[in-house]
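Coordinate inspection notes
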Amino acid sequence: MMQMEKLVSLCKRRGYLFQSSEIYGGLNGFWDYGPLGVELKRNVKEAWWQDMVTRHNELAVPPGAPAAFEMVGLDCTIIMHPQVWKCSGHYDLFHDYMVDCKASKRRYRHDQLRGRWVEAKGKRIFVTTLAEADSEHEDAQRRALKFFDMRGKDAGQLTWDAKFQSLSSVTDLSQVLAPEANELGTLTEPREFNLMFKTYVGALSGEEGAAFLRPETAQGIFVNFKNVLDSTRVGIPFGVAQVGKSFRNEITPRNFTFRSREFEQMEIEFFCHPNQSRQWYEYWRQRRLKWYTQLGLDGQRLRLREHAQDELSHYSCGTADIEYAFPFLPEGEYGELEGIAHRGDFDLRSHMEGKLDPRKRPLELEVDENGQPKWRGSGKDLTYRDEQTNERFTPHVIEPSAGADRATLAFLCEAYDEDEAPDDSGKMQSRVVLRLNPRIAPVKAAVFPLVKKDGMPEVAKEIYGALKQKFNVFYDEKAAVGRRYRRQDEAGTPYCITVDGQSLQDKTVTIRDRDTLQQSRVKIDDVVHEIEQRINSCGYNKHQ
Ligand code: ATP
């Protein structure tokens, strides 16, 4: 089994992730977090919130930053005034291109459908496949053989182009064999498909009551810019953070939770003076990259990729993605964890004046045939006045925008490992272990009585009770202790505390470390402090 399959099966078996509405056959693109998964994701979001907001020291200049700054939070609604999405550009521009298959009635994202050119019997066709990277060739070959009416032993007569490529590289769709079709040319020409989910508010029927589920949390921050300024004492530069659900009607959700239709974002809008926005952009790129490595992602599989000029969103003066080499991607490919965008004054200006024409630079207001703004802005003054210099300006925005589900998935992929550990008789046996950073691990420690007698359970339960005041801990007295260790290794629990015969005499217990397998004896009275210290020790290294 490939590593990804093993991880997916572990997630289901141990209660990290379930398919949404599974008993009804599931719903594509929607996922539920199980008892362990919910803790992991909460810890990821909490680590982000603590590191970005509550533990941020606004009195000190952080390393690499041009100045000290403040950070505050918001929690905005999922459904907002529909005008928000018109002025933000999402109403007109937030779409992907899709193609429909006339044969199978299925719909695919134009740039995500992959295939490969193959030639046989004097005919050259583009065979597409929905298979994952590791089995796409196998699947394409099976389909090509079927199409050309050839047998497995004739596979050598198929002449393949070197690489799989996106369907968007194909100009003539009449040569394409769609994923679930048996004949060529069943795909329609690509068409725009808006990714926002539409709903209706209140009793109004028809378009008057139409509204959208937010496709990003960012806009809630922009429209509250003035409220934050007026209700707090923050001044530029400052950042506003928000964590919450976003919804996108993705055409082809895939790769486990990586591309879902309902997901959570962790976004910061950082407002600064236009003269300093370049420096702040540099600062946030490095700061955010470091956040992932400090929580355990390997620098080798993580990278910061600057967007090429032609890749930039219309308003952006620069965008960099933090990307991770997820195991479900083809060798050498990376998936986006977070985008850090220099958005200039696009958002605040759009919400002030109306929708700006994104194709023109410098930004111009989009007007209708009568010269009126196409989508009217709020008309509110969203500029900023510097109290010291009296200068008035529209702030620039740097936006580090991360996905909580993608980060959680990356931490899981990175943590998955197989090695050997001794069983009860000391013999080495293979084990599966999730080497999660203790700070985000769902369960911090498990407490075991070695055997279910001689007063051991009573002592263990007392330790459990004391730890439970501070952390999520687990008590287990069933099965041989070696098996109990293994179950915790698989759940990613960093420490196991065992009460044994010696505990009753000298009031000590053993603490076993998930990664090093080392056991040390600690006084029962010191257990809470010891676990606390280990979790908080900053120099975490899973391979220490
Ligand atoms: P992609 O190109 O992968 O669709 P994007 O560039 O559209 O992503 P952004 O709009 O920059 O993504 O959103 C910011 C972050 O939100 C992403 O880096 C990702 O972590 C998360 N995100 C976006 N779309 C999804 C999704 N469908 N499922 C899970 N997370 C998502």
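Scroll up for the structure.
Described below are features of the structure shown in this document. (Residues numbered from 1 in each chain as written. Predicted model: local features only at pLDDT ≥ 70, side-chain atom pairs only at ≥ 80, totals over all residues. Heavy atoms only, no water.)

1. Things to note about the side chain of T408
For T408, the position within the fold is in helix 10 (residues 404-415). Excluding anything up to four places from it in sequence, T408 contacts Y33, L40, K41 and V44. (Helix = DSSP H or I, 4+ residues; strand = E, 2+ residues; numbered from the N terminus. Contact = heavy atoms within 4.5 Å.)

2. A look at the pairing of strand 23 (residues 396-403)
Buried residues dominate strand 23, accounting for eight of its eight residues. Neither face of strand 23 is left uncovered, since the one carrying H396, I398, P400 and A402 and the one carrying V397, E399, S401 and G403 both have all their residues buried. Relative to strand 23, strand 15 (residues 262-272) runs antiparallel, the two sharing six bridges. Bridge pairing in strand 23 places Q265 opposite G403. Of the pairings in the sheet, the one linking strand 18 (residues 335-344) to strand 23 comprises six bridges and is antiparallel in character. (Buried < 20%, exposed > 50% of the residue type's maximum accessible area, 1.4 Å probe, protein only. Pairing = 2+ DSSP bridges.)

3. Structural notes on the sheet that holds strand 29 (residues 508-513)
If you trace the five strands from one edge of the open sheet to the other, you get 27-26-28-29-30, paired in mixed fashion. What marks the edges here is a single partner per strand, and that holds for strand 27 (473-475) and strand 30 (519-523). Ignoring strand direction, the axes of neighbouring strands in this sheet form an average angle of 25°. Helix 12 (residues 481-491) rests against strand 26 (445-449), strand 27, strand 28 (495-499), strand 29 and strand 30 of the sheet, and its axis sits at about 170° to strand 26. (Axes fitted to C-alpha atoms, helices over the stretch in contact; angles between N-to-C directions.)

4. Observations regarding the packing of helix 11 (residues 456-468) against helix 14 (residues 527-536)
Where helix 11 meets helix 14, the axes come as close as 10 Å, and the angle between the chain directions of the two elements is 50°. The angle between helix 11 and helix 14 places the two elements in the oblique class. In terms of crossing hand, the pair formed by helix 11 and helix 14 is right-handed. Where helix 11 approaches helix 14, its residues I463, A466 and L467 are matched on the opposing element by V527, V528 and I531. (Parallel < 35°, antiparallel > 145°, perpendicular 65-115°, else oblique. Left-handed = near helix turned anticlockwise from the far one by under 90°.)

5. Side note on the packing of aromatic side chains
Inspection of every chain in the model, using the stated rule, returns 27 aromatic pairs. Ring geometry for F69 and Y283: centres 5.9 Å apart, planes at 70°, overall edge-to-face. Within this pair, whereas F69 is found in the loop between helix 2 (35-54) and strand 3 (70-73), its partner Y283 is found in helix 8 (residues 277-294), the two being separated by 214 residues in sequence. Ring geometry for F222 and F271: centres 6.3 Å apart, planes at 85°, overall edge-to-face. Here F271 lies in strand 15 and F222 lies in helix 6 (residues 218-223), a separation of 49 residues in the sequence. Ring pairing ties together the aromatic residues F69, F270, W280, Y283 and W284, which thus form one cluster. Its guanidinium or amino end placed over the ring of Y91, K86 lies 4.9 Å from that ring's centre, counting from NZ or CZ. Between R512 and the ring centre of Y485, over which it is positioned, the NZ or CZ distance is 4.3 Å. (Phe/Tyr/Trp six-rings, centres within 6.5 Å; stacked < 30°, edge-to-face > 60°. Lys NZ or Arg CZ within 6 Å of the ring centre and 35° of its normal.)

6. Description of the site of the ligand
Close to the ligand lie 16 residues; E250, R259, S260, E336 and L337 are nearest. Between the ligand and R406, the relevant distance is 3.1 Å, taken from an oxygen atom to a side-chain nitrogen or oxygen of the residue. Here the ligand has 590 Å² of accessible area as a free molecule, and 81% of this is covered by the chains. The set of elements that each furnish at least two residues to the shell around the ligand consists of strand 15, strand 18 and strand 23. Per-element accounting of the shell around the ligand gives the leading share, four residues, to strand 18. (Near = heavy atom within 4 Å. Polar contact = N/O pair within 3.5 Å; in protein donor to acceptor, adjacent residues only side chain to side chain. Areas by Shrake-Rupley, 256 points an atom, 1.4 Å probe, with all protein chains shown as cover.)

7. Quick word on a positive patch on the surface
A cluster of basic residues, K452, K461, K478, R483 and R487, forms a positive patch on the protein surface. Residue classification places K478 among the exposed positions, given a relative accessible area of 62%. (Patch = residues over 30% accessible without salt bridge, like charges linked within 9 Å, V, L, I, M, F, W, Y side chains within 5 Å. Salt bridge = Lys/Arg side-chain N within 4 Å of Asp/Glu carboxyl O. Lys, Arg positive; Asp, Glu negative; His and termini not counted. Charge placed at Lys NZ, Arg CZ, Asp CG, Glu CD.)

8. Observations regarding the pattern of salt bridges
In total, this model carries 43 salt bridges according to the counting rule given. The closest approach of N and O atoms between E323 and R305, which form a salt bridge, is 2.9 Å. Of the two residues, E323 is situated in strand 17 (residues 318-324) and R305 in strand 16 (residues 302-306); the sequence distance between them amounts to 18 residues. Residue K470 pairs with E532 through a salt bridge whose shortest N-O separation is 3.3 Å. Here the residue K470 occupies a position in the loop between helix 11 and strand 27, and E532 occupies one in helix 14, the gap between them amounting to 62 residues.

9. Observations regarding the packing of helix 2 against helix 8
Their axes nearest at 12 Å, the elements helix 2 and helix 8 cross at an angle of 140°. The angle between helix 2 and helix 8 places the two elements in the oblique class. Here helix 2 runs over helix 8; the crossing is right-handed. Each of V44, A47, W48, D51 and M52 in helix 2 lies in contact with helix 8, whose residues at this interface are W284, R287, R288 and W291. The residue makeup of the contact of helix 2 with helix 8, split by class, is six nonpolar, no polar and three charged. (Nonpolar A, V, L, I, M, F, W, Y, C, P; charged D, E, K, R; others polar.)

10. What about the pairing of strand 28?
Within strand 28, five of the five residues are buried, which leaves the element mostly enclosed by the surrounding structure. Neither face of strand 28 is exposed, since Y495, I497 and V499 on one face and C496 and T498 on the opposite face are all buried. Relative to strand 28, strand 26 runs parallel, the two sharing five bridges. Bridge pairing in strand 28 places P449 opposite V499. As judged from the four bridges shared by strand 28 and strand 29, these two strands associate in the antiparallel manner. When the bridges of strand 29 are listed, T498 appears paired with T510.

11. Let's talk about the sheet that holds strand 5 (residues 107-109)
Sheet strands pair by backbone hydrogen bonding; their relative direction is either parallel or antiparallel. On the basis of which strands lie adjacent, the open sheet formed by three strands has the order 5-4-11 and antiparallel pairing. Here the strands that pair on one side only, and so sit at the sheet edges, are strand 5 and strand 11 (191-194). Along the sheet, successive strands turn relative to each other by an average axial angle of 50°, direction set aside.

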